[in-house]
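# Coordinates in review
For reference, the chains in residue letters:
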Amino acid sequence: MPHARPRVRKFGAALALLAMIGTGWPVAPVDAATTLPTTIYSVPYYRSLIGNGIFPDAQSHWAAEALATAGVHGWLRADGNGQIHPDSTLNNRDALLAIASLAGWMPEVQTPQAQAAPAGSHDPWSVWGQQVVTIAAQKGILPQGTTVAPIGSGPGSRGLQLDAPVSREQLTVWLSKAIPLQPIYGLSQAHSYQFADWNQLTPDNVPWIEAALQQNLLNGRIGEDGAYRILPAGTITRAEAATLLSRALRPMLELQKRPVIEGIVTDIESVDLGTGTPNKQRVHLIGPLGEKTSLELAGPSPRNPFGQNLAVWKKRLVDGYAFEVGDAVELYPLAPWGDNAAPPVINPDAAVTPGSAADIQKQQSSDPNINPNTNEAQMTGTTASETANGTTTAGATGIGTATAVPVQIYFARVLPPNPPMEGILMQYDAEKRQLVLQDSFGSLRQARVSPAAVAWVDGVAQPFKNIPNGTYIRAQSAGDTITAISAELPVPEPGAIPAESIISEGSVLEVQSNAIRVADSQGREGYYPFASDIIVRKGNQLASLNDIEVGDPVSLRFSDYRAQLVSAIEIPVYNRRVEAVYRGTISALNPVTQTATVRAVQRFDGGDWISPFNQMQVRLHPLETVALEGRVMAKKDFMRYGKGQEVLFSAANRFDGVEASRLTTIQGRPQIFNDTIDNVNVLGGSVRLFREGSTMSIDNNTIVLRNGRLGDIRTLKNGDAVWVLADVTRTGYRIAFLNIDTDLVGNNADDNGLLQGDIFEIDEKGQVKIAFYSRFRNNGWERASGSNQTMTVRPVPDTMILDFRGVTNNLPEVPISEFLRLGPSGFYDQAHVYTYIQDGRPIAMTLFPAGTSTDTAPTERTTLGRIASIDPIAKTITFQQVRDWTDFQGRWQPNPIRLTVLADKTMIIDHKKQISFTDLRVGDTCMVIRKTINPNTTTEQMALYMFRQ
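So, here is what we can say about the structure in this document. In this text, all values refer to a predicted model and were calculated from it rather than measured experimentally. (Residues numbered from 1 in each chain as written. Predicted model: local features only at pLDDT ≥ 70, side-chain atom pairs only at ≥ 80, totals over all residues. Heavy atoms only, no water.)

## Quick word on the overall build of the chain
In terms of helices and strands, the chain carries 12 helices and 54 strands. Per-residue burial for the chain yields a buried fraction of 52% across its 949 residues. Contacts in the chain between residues at least 24 apart in sequence constitute 64% of all its contacts with a sequence separation of at least 6. For the chain, the exposed area adds up to about 43100 Å²; of that, 50% sits on carbon and sulfur atoms. (Helix = DSSP H or I, 4+ residues; strand = E, 2+ residues; numbered from the N terminus. Buried < 20%, exposed > 50% of the residue type's maximum accessible area, 1.4 Å probe, protein only. Contact = heavy atoms within 4.5 Å. Areas by Shrake-Rupley, 256 points an atom, 1.4 Å probe, with all protein chains shown as cover.)

## Some details on the side chain of Asp94
Checked against the element boundaries, Asp94 lands in helix H4 (residues 92-103). Asp94 sits in the buried class, given a relative accessible area of 11%.

## Some points on the packing of helix H3 (residues 64-73) against helix H9 (residues 238-255)
Packing of H3 against H9 leaves a shortest axis separation of 8 Å and a crossing angle of 70°. With respect to their mutual orientation, H3 and H9 come out roughly perpendicular. The handedness of the crossing between H3 and H9 comes out as left-handed. Taken together, the residues of H9 that come into contact with H3 (itself represented by Ala66, Leu67, Thr69, Ala70 and His73) are Arg238, Ala239, Ala242, Thr243, Ser246 and Leu249. (Axes fitted to C-alpha atoms, helices over the stretch in contact; angles between N-to-C directions. Parallel < 35°, antiparallel > 145°, perpendicular 65-115°, else oblique. Left-handed = near helix turned anticlockwise from the far one by under 90°.)

## A few points about the packing of aromatic side chains
Counted according to the given criterion, the structure contains 15 aromatic pairs. The interplanar angle of 80° and the centroid separation of 5.2 Å between the aromatic rings of Phe673 and Tyr733 together place this pair among those described as edge-to-face. With Phe673 in strand E33 (residues 671-681) and Tyr733 in strand E39 (residues 732-740), this pair connects stretches of sequence that are 60 residues apart. Judged by relative accessible area, Phe673 falls into the buried class, the value being 9%. (Phe/Tyr/Trp six-rings, centres within 6.5 Å; stacked < 30°, edge-to-face > 60°.)

## Points about H9
Here H9 is 18 residues long and its end C-alpha atoms lie 25 Å apart, about the 26 Å a rise of 1.5 Å per residue gives. The buried fraction of H9 is high, at 14 of 18 residues. Lys257 sits one or two positions beyond H9 and adopts a positive phi of about 60°. (Expected span 1.5 Å × (residues − 1).)

## Some thoughts on the sheet that holds strand E7 (residues 311-313)
Within the open sheet, the eight strands sit side by side as E1-E6-E5-E4-E9-E12-E7-E8. Their pairing is mixed. Either end of the sheet is taken by a strand with one partner, and the two such strands are strand E1 (39-41) and strand E8 (317-319). For this sheet, the mean inter-axis angle between neighbouring strands, taken without regard to orientation, is 40°. (Pairing = 2+ DSSP bridges.)

## Considering helix H8 (residues 206-214)
Where burial is concerned, most of H8 is hidden: eight out of the nine residues are buried. Among all positions in H8, only Val206, Pro207, Trp208, Ile209, Glu210, Ala211, Ala212 and Leu213 are buried. Residues of H8 that are buried sit in contact with helix H7 (168-178). Downstream of H8 by a residue or two, Asn216 has a phi angle that is positive, lying close to 60°.

## A word on the pattern of salt bridges
Opposite charge on two side chains permits pairing when their charged atoms draw close. By the definition in use, this model includes 27 salt bridges. Across the pair Arg448 and Glu262 runs a salt bridge whose closest N-O atoms are separated by 3.0 Å. Of this pair, Arg448 sits in strand E15 (residues 444-457) while Glu262 sits in strand E4 (residues 261-271), and the two are 186 residues apart along the sequence. Overall, the relative accessible area of 21% leaves Arg448 in the partly exposed class. Arg930 is the salt-bridge partner of Asp884, the closest N and O atoms lying 3.2 Å from each other. Here Asp884 is found in strand E48 (residues 876-886), whereas its partner Arg930 is found in strand E53 (residues 925-932), with 46 residues between them in sequence. (Salt bridge = Lys/Arg side-chain N within 4 Å of Asp/Glu carboxyl O.)

So, in structure tokens, the structure goes:
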């Protein structure tokens with residue numbers, strides 16, 4: 001939600017609000033091994049910070065982030081209309097105020113004698129200006145004895161003209177001295193003399209300019225002649241100054257013992273503490289040394305109606321609820337921490353104790369920016385600089401008992417992703433977590449690998465140390481840190497693979513128009529492009545790519561010795577194994593035969609657990625690892641200690657018995673969720689549910705069942721309707737089992753799938769124009785088009801056409817020749833048609849009497865169920881374990897009834913092929929498009945289309 005911009009006071013009042021970020025901090029560098037606290041906290045006045053950084057004239061500016069950062073910290077102020085004027089020239093007055101705020105010595109400017117102008121003076125800056133200049137001179141920024149020239153005086157006047165533009169050289173020197181940077185002399189001045197106009201610099205300023213250049217605070221400009229120049233006497237815009245100040249913030253904080261905390265978001269946890277206490281959200285992070293911490297955000301409470309949060313730059317200014325798993329972040333602390341931590345702060349949720357609250361309120365009463373009733377900084381332009389001094393730090397966290405909470409974060413940056421790095425891995429230093437790779441141009445590049453980075457080797461998450469030197473890798477990074485790596489180990493040498501040999505066998509993860517992704521029995525993923533003459537075989541018959549389903553077991557054959565292009569894909573006919581998922585308790589383990597005896601067995605069956613038998617034996621031979629409390633354990637260790645564990649496993653019937661493909665243990669009482677995936681992050685190992693709102697962890701041992709076939713976490717998609725069984729672990733929810741029922745219709749292209757509407761006309765070429773059409777998408781019907789929008793389909797010789805309008809005494813099946821002959825005469829005009837389209841051609845068309853044309857969504861229901869019985873005489877089918885799709889909730893809702901539908905006019909589809917009523921069997925799982933036969937009763941249902949799973 002956008003935050004309202006606070007009203008900005010007049011400039012004299014605005015200056016009175018400015019305070020230092022900190023007082024008298026040591027400037028020694030921070031030890032890199034400083035340990036992060038287990039929990040870090042946010043601040044209650046985050047709304048003011050966000051409001052102060054939002055400027056209507058900077059939203060699309062090239063320096064939008066720097067301007068927002070300057071607003072949050074109070075370095076630059078907006079005018080009375082909220083405008084920051086980014087392209088206006090910065091003057092000496094605003095430059096000195098910004099540096100005073102950044103460096104932390106603004107309270108010395110705000111002395112009692114500087115609160116008002118002398119009697120008879122109409123220029124408050126006659127005192128304020130001299131005070132700023134005097135303090136700057138004391139800090140060594142300006143020469144001693146510097147005075148302020150009267151406002152409006154000409155260039156020849158004595159003293160510093162506050163309204164005059166500040167030069168690029170002067171601002172850089174002031175900033176270098178304020179941080180302070182170490183001036184660089186002699187042969188170490190390697191940067192200044194690379195600029196064409198170095199001789200225009202003031203000689204005494206060169207050491208400070210050199211320090212700024214080496215810290216990357218200042219950049220030159222390229223001229224028309226191609227030469228770079230500093231332009232020392234040139235003016236600087238407010239946007240350029242904001243950029244310069246933003247670059248100085250990090251070294252300034254490090255010298256003030258407030259080092260920026262870096263990390264990668266690994267999980268986001270919502271915590272409900274019950275009535276009367278604020279809800280909290282914990283953002284879990286892993287730091288650069290592998291240390292773990294969590295940032296706590298708090299909801300509203302009686303003592304703090306605004307809650308606690310922070311200002312976050314993520315393409316724009318937002319609050320902490322914008323964090324997502326996988327974000328690389330920089331967190332900016334309010335005060336020194338670690339070995340130089342501030343005094344104990346106040347726990348906002350603790351009970352008030354005598355003395356402590358009063359002391360805090362006494363401190364707050366002198367600060368006009370803190371409301372003693374709410375501890376919320378008033379929306380009057382409060383900045384991070386104004387609330388980080390000694391008088392407001394204690395009150396910043398609310399009234400309560402003093403605790404040893406060490407770190408508060410007021411501002412964060414989400415680092416934008418960099419272009420991917422690609423090249424050959426030359427060296428990896430595991431201790432320093434640094435790698436060297438050679439890019440495609442032959443250049444060596446170095447990068448730091450985050451401890452939270454995930455390395456995918458041939459599609460399997462592995463430790464980075466497992467990638468050998470010489471491997472071609474692709475790295476994703478943010479800032480200067482690598483967050484994810486993918487690698488494929490080299491293929492065998494040319495000549496080692498016979499032509500058209502079986503190179504890969506496994507389950508299909510994805511079928512594209514020019515490639516296929518397959519996971520083998522160990523879960524390793526491969527991406528295989530197609531040759532131009534790709535063929536698909538289904539048994540001994542030719543098939544098409546359209547016949548391949550996600551989860552199908554396939555064999556890939558290649559066209560050359562290098563195993564680069566797939567020339568043939570083979571789909572077994574009788575070996576399309578439907579995996580089952582079981583749960584039970586292990587009563588015995590045999591390490592010799594690698595079998596497990598499981599008692600109290602239950603099998604997952606259409607959203608419910610049934611007990612087909614009390615005990616079963618399952619072979620564990622294919623497994624290499626199992627999941628125990630979300631951790632990966634070697635199978636050999638599980639065979640020793642797994643007895644008595646409650647387990648969940650996927651298995652298939654083989655010739656020699658039931659064989660497990662994945663196995664995970666269940667701890668405690670698992671939770672069930674019926675929801676839709678809102679966001680999936682495979683690299684980050686997390687899934688966020690839409691309605692529940694929780695972010696849950698996933699891993700390679702998570703069992704994924706898609707439309708009755710064993711899948712993989714890499715096949716998960718946003719919008720999938722899921723049934724989830726989750727473990728409750730110490731770190732939150734972990735998904736052990738995830739069932740997906742979707743995509744049964746087969747919409748692998750925009751014009752594919754199920755369509756209904758009214759026939760507008762059929763032309764001489766046999767093209768059928770359909771008006772008021774609606775597409776079937778995501779288990780439901782879209783809103784129908786209007787009469788002025790039509791869609792054209794053209795039947796082909798093998799299209800099945802059934803006419804149920806009752807206008808003739810003939811059988812409902814219409815020969816394609818008759819349909820094309822009678823169509824142009826208007827015989828089928830206004831008929832309501834349902835058609836199933838694949839590869840741009842209608843597989844089936846069913847015609848019904850014309851109904852009321854409307855642009856609202858059709859009312860037919862979508863149902864999933866398992867066939868309990870079939871009546872071939874009455875042409876009815878009874879379903880059990882029924883689930884109905886709800887468009888409003890976007891999920892499958894269990895229906896306790898047994899559903900009986902009339903199927904005499906039903907088009908039945910099996911794997912994108914039309915089949916007959918007699919092909920159905922008891923136990924088949926089907927998705928049914930149904931409608932009520934009689935509007936006066938809801939018990940008589942007719943199935944229009946059925947899709948067998």
